[in-house]
Amino acid sequence: MFATAIIVFREVLEAALLVGIVAAATRGVPGRGPWLAAGIALGLAGAAAVALGTGRIAEMASGVGQELFNAAVLGIAVVMLGWHNLWMSAHGAALAADARGLGRAISDGRRECSVLLIVVGLAVLREGSETVLFLYGIAASEGGASLPMLTGGLGGIAAGVAVGWLLYAGLLRIPLRWFFTATGVLVLFLAAGMASQAARFLIQADVLPGLATPVWDTSALLPQTSVAGMLLHSLVGYDARPAGMQILFYVLVLVTIAIGMKRVGRAAGPAARSRGAS
Amino acid sequence: MPSLCRLSRFAATLLLAIAFLGSPPVAAADDEFRLVLQDHVFQPAELVVPAGRKIKLVVENRDATPEEFESHSLNREKVIAGKSTATIFVGPLKPGRYPFVGEYNEKTAKGVIVAR
């Protein structure tokens with residue numbers, strides 16, 4: 001039961017942390033709640049579908065379909081998170097003002113909400129499908145869902161969700177002045193970490209060369225199986241033995257989004273200030 | 001708004017460009033190695049492979065249940081559906097021992113790849 005709980009917890013944690021960060025980062029965006037819920041629901045449905053089709057996905061592209069699928073899902077998420085951060089650079093000031101009760105509603109929140117839906121849905125789909133497969137595996141091999149296994153699975157899910165919620169609640173305590181800057185930085189590293197993971201899948205599929213594997217090995221210092229390693233892996237893409245290509249992807253996404261944020265922020269800054277003054 | 005869209009499109013194009021620029025190194029007759037998983041046990045439990053070369057690992061799951069091949073030391077993970085075969089590219093490895101497990105049945109499904 002305990003082993004089951006730990007495995008499920010590991011799978012759920014990554015998605016839960018992402019949902020926690022994205023939920024905090026979109027604070028104040030009108031109509032965000034239902035979109036968030038819809039994203040989770042669609043992600044769960046997708047997870048079941050992917051779990052059912054695992055064999056078929058894996059057979060595609062001469063045996064590396066799963067890697068290409070994962071890389072594509074991660075790639076879309078990276079682009080969406082990048083888009084989100086650019087949107088926030090333009091609207092963050094207005095949202096913060098709104099949250100302070102200055103009443104300046106965002107009119108075009110819908111597109112941002114659909115980005116939210118996709119990012120959350122994809123994260124739940126990816127991690128959820130592995131959880132479904134794992135639980136199905138035990139259920140099938142032990143001749144039916146035993147109670148301890150079910151309890152373990154549910155416990156793992158509950159623990160993962162709790163950590164995500166704690167992160168969300170903790171982020172909300174950040175003073176508004178720095179709030180969107182803080183969530184922006186978190187999302188930035190989240191996106192870079194996902195890009196590195198996508199690169200790893202493409203290397204595993206032999207689509208990309210690894211370029212020196214590994215560049216460093218910190219598995220003795222901070223193993224990825226430790227709690228700190230796991231959290232850092234989910235939050236900033238920590239990898240104990242990264243390939244050169246992973247680092248290249250990581251840095252490129254980090255720099256591209258950061259430059260974009262700066263440019264959009266500079267363009268939106270004066271306009272937001274003048275509107276605030278009027 | 002338009003500049004926003006342009007920027008995100010730019011980022012997407014950039015990502016795609018990178019994916020293609022790294023053009024697949026035409027599988028130069030990779031060394032192929034086989035692992036079989038049966039009753040949640042890997043056979044062989046110790047697989048010797050050449051160091052310094054990329055290898056193609058073919059894992060056959062003879063069980064009816066899915067398994068996740070996972071190795072932190074190899075930096076690899078892959079779900080393998082029941083009654084199916086998966087391909088995983090590994091390395092080039094430095095000489096050493098690289099343990100792996102079937103994450104869904106960690107107690108029995110474990111082994112080690114030895115690069116020489």
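This one's a predicted model, so the numbers in the text were calculated from it and none came from an experiment.

Asker: Would you take a moment to explain the overall build of chain A for this structure?
Answerer: From N to C terminus, chain A includes nine helices and zero strands. Along the chain direction, N to C, the helices and strands of chain A fall in the order α-α-α-α-α-α-α-α-α. With respect to the principal axes defined by its C-alpha atoms, chain A has extents near 70 × 45 × 35 Å. Within chain A, contacts between residues separated by at least 24 positions form 81% of all contacts whose residues are at least 6 apart in sequence. For chain A, the separation between the mean place of its 18 positive charges and that of its 13 negative charges on side chains is 18 Å.

Asker: Explanation requested: the packing of aromatic side chains in the structure shown.
Answerer: Think of a pair of aromatic rings as described by two things: how far the centres are apart, and how the planes are tilted against each other in angle. Evaluation of the coordinates by the stated rule reveals five aromatic pairs over all chains. Between Phe-134 of chain A and Tyr-104 of chain B, the aromatic rings sit 5.1 Å apart at their centres with planes inclined by 50°, giving tilted as the arrangement. Residue Phe-134 of chain A is located in helix H5 (residues 110-141), and its partner Tyr-104 of chain B is located in the loop between strand S8 (96-102) and strand S9 (110-115); the two belong to separate chains. Using a relative accessible area of 3% as the deciding quantity, one classes Phe-134 of chain A as buried.

Asker: How should I be thinking about the packing of helix H1 (residues 2-25) of chain A against helix H6 (residues 147-172) of chain A in this particular structure?
Answerer: What describes two packed helices is the angle between their axes and the distance between those same axes. All names here are of chain A. Where H1 meets H6, the axes come as close as 7 Å, and the angle between the chain directions of the two elements is 25°. Here H1 is positioned roughly parallel relative to H6, judged by the angle of their axes. The way H1 lies across H6 gives a crossing that is right-handed.

Asker: Can you help me understand the sheet that holds strand S5 (residues 67-71) of chain B in this one?
Answerer: Two pairing modes exist for strands in a sheet, parallel and antiparallel, and in both the strands are linked by backbone hydrogen bonds. All names here are of chain B. Read across the sheet, five strands follow the order S3-S9-S8-S5-S6 without closing on themselves; strand pairing throughout is mixed. If you trace the sheet from one side to the other, it starts and ends with strand S3 (46-49) and strand S6 (76-80), each paired once. Neighbour-to-neighbour, the strand axes of this sheet turn through a mean angle of 20°, independent of strand direction. Summarising the sheet, S5 and S8 pair through two bridges and their orientation is antiparallel. Directly across from Glu-70, in S8, lies its bridge partner Val-101.

Asker: Can you help me understand the pattern of salt bridges in this one?
Answerer: Pairs may arise between side chains of opposite charge once their charged atoms sit close together. Per the counting criterion, the structure on display carries twelve salt bridges over all chains. As a salt-bridge pair, Arg-200 of chain A and Glu-77 of chain B come within 2.8 Å of each other at their nearest N and O atoms. With Arg-200 of chain A in helix H7 (residues 176-204) and Glu-77 of chain B in strand S6, the pair connects residues from two separate chains. Judged by its relative accessible area of 4%, Arg-200 of chain A falls in the buried class. Shared partners join several salt bridges into a network, and the residues in it are Arg-10 of chain A together with Glu-103 and Glu-106 of chain B.

Asker: Just to check I follow, could you spell out the pairing of S8 of chain B for this structure?
Answerer: Where a strand is regular, its side chains alternate between the two sheet faces. Bridging between S8 of chain B and S9 of chain B involves six bridges; their strand directions are antiparallel. Directly across from Pro-99 of chain B, in S9 of chain B, lies its bridge partner Val-112 of chain B.

Asker: How should I be thinking about a nonpolar patch on the surface in this particular structure?
Answerer: Residue and element names in this part refer to chain A. A grouping of Leu-147, Leu-150, Leu-154, Ile-157 and Val-161 is seen on the molecular surface, where their side chains present a nonpolar patch of about 470 Å² in accessible area. Note on placement: Leu-154 falls in helix H6. With a relative accessible area of 56%, Leu-154 lands in the exposed category.

Asker: How do you make sense of the nonpolar core when you look at a structure like this?
Answerer: What tends to happen in soluble globular proteins is that the nonpolar side chains get buried as a cluster. Grouped together as the largest cluster of nonpolar side chains are 61 residues, with contacts concentrated most on Leu-18, Val-22, Leu-81, Val-119, Val-120 and Met-194 of chain A. Element by element, the count of residues in this core is highest for H7 of chain A, at 15 residues. Those residues in contact with Val-120 of chain A that sit more than four places away from it in its chain are Leu-18, Val-19, Val-22, Leu-36, Gly-39 and Ile-40 of chain A. Residues Leu-47, Ala-86, Leu-93 and Ala-115 of chain B belong to the second largest nonpolar core, which totals 21 residues.

Asker: For this particular structure, what's the right way to read the side chain of Glu-11 of chain A?
Answerer: Relative to the helices and strands, Glu-11 of chain A is located in helix H1. It turns out Glu-11 of chain A is buried and unbridged, and the closest side chain with the opposite charge, Arg-10 of chain A, is 6.4 Å from it. Not counting chain neighbours up to four residues away, the residues in contact with Glu-11 of chain A comprise Glu-127, Glu-130 and Thr-131 of chain A together with Glu-68 and Glu-103 of chain B.

Asker: Would you mind going over the side chain of Thr-131 of chain A with me for this structure?
Answerer: With respect to the element layout, Thr-131 of chain A can be found in helix H5. The contact partners of Thr-131 of chain A, leaving out residues within four places of it in the chain, are Val-8, Glu-11 and Val-12 of chain A.

Asker: Help me understand the environment of Ile-138 of chain A, please; the structure alone is not making it clear to me.
Answerer: All names here are of chain A. Considering the arrangement of structural elements, one finds Ile-138 in helix H5. Of the residues examined, Ile-138 reaches a relative accessible area of 12% and is grouped as buried. Here the alpha-carbon distance between Ile-138 and Thr-4, two residues 134 residues apart in the chain, equals 9.0 Å. Setting aside chain neighbours within four positions, we find Ile-138 in contact with Thr-4 and Met-149.

Asker: Please clarify how the sheet that holds strand S7 (residues 84-90) of chain B should be interpreted in this entry.
Answerer: All names here are of chain B. The mixed open sheet is built from four strands, whose spatial order is S2-S1-S4-S7. Single-partner strands in this sheet number two, and they are strand S2 (41-43) and S7. Direction aside, the axes of adjacent strands within the sheet are offset by 25° on average. Pairing of strand S1 (residues 31-38) with strand S4 (residues 55-61) involves seven bridges; the strand directions are parallel.

Asker: Looking at this model, I keep getting lost on the pairing of S6 of chain B. Mind explaining?
Answerer: Residue and element names in this part refer to chain B. For S6, the buried fraction is high: four of the five residues fall into the buried class. As judged from the five bridges shared by S5 and S6, these two strands associate in the antiparallel manner. Within S6, the position partnered with Glu-67 by the bridge is Ile-80. Turn length for the S5-S6 hairpin, with the two strands adjacent in sequence and antiparallel, is four residues, and the turn residue Asn-75 shows positive phi of about 60°.

The rules behind each value
Position numbers for residues count from 1 along each chain, tracking the sequence in the order it is written. Chains carry letters from A onward and ligands carry numbers from 1 onward, assigned in written order. It should be noted that, the model being predicted, local features are given only for residues of pLDDT at least 70 and side-chain atom pairs only at 80 or more, the latter also being counted only at that level, while totals for whole chains, interfaces and linings use all residues. Remark: hydrogens and water are excluded; side-chain values derive from all non-hydrogen atoms of the structure. Put simply, DSSP marks the helices as runs of H or I at least four residues long and the strands as runs of E at least two long, and each gets a number from the N terminus on. Contacts: residue pairs with any heavy atoms within 4.5 Å of one another. A residue counts as positive if it is Lys or Arg and as negative if it is Asp or Glu; His and the chain ends are not included. Where a charge lies is defined by one atom per residue type: Lys uses NZ, Arg uses CZ, Asp uses CG and Glu uses CD. Note on aromatic contacts: the rings of Phe and Tyr and the six-membered ring of Trp form a pair at centre separations within 6.5 Å, being stacked when their planes are under 30 degrees apart, edge-to-face when over 60 apart, and tilted otherwise. Burial classification: accessible surface area is computed with a 1.4 Å probe over protein chains only, and a residue below 20% of its type maximum counts as buried, one above 50% as exposed, and the rest as partly exposed. What counts as an axis is a line fitted to C-alpha atoms, over the stretch in contact for a helix, and the angles between N-to-C directions run from 0 to 180 degrees. Between 65 and 115 degrees an angle is taken as roughly perpendicular, under 35 as roughly parallel, over 145 as roughly antiparallel, and anywhere else as oblique. Crossing handedness is read from the near helix: turned anticlockwise from the far helix by less than a right angle, it gives a left-handed crossing, and turned clockwise, a right-handed one. Being paired, for any two strands, means DSSP has found at least two bridges between them. Any Lys or Arg side-chain nitrogen located within 4 Å of an Asp or Glu carboxyl oxygen qualifies as a salt bridge. Patch members must show over 30% relative accessible area and no salt bridge, and they are joined within 9 Å when carrying like charges or within 5 Å when they are nonpolar side chains of Val, Leu, Ile, Met, Phe, Trp or Tyr. Note that accessible areas follow from Shrake-Rupley with a 1.4 Å probe, and for residues the cover is restricted to the protein chains shown. We call a set of buried Ala, Val, Leu, Ile, Met, Phe, Trp, Tyr and Cys residues a nonpolar core when their side-chain atoms join them within 4.5 Å.

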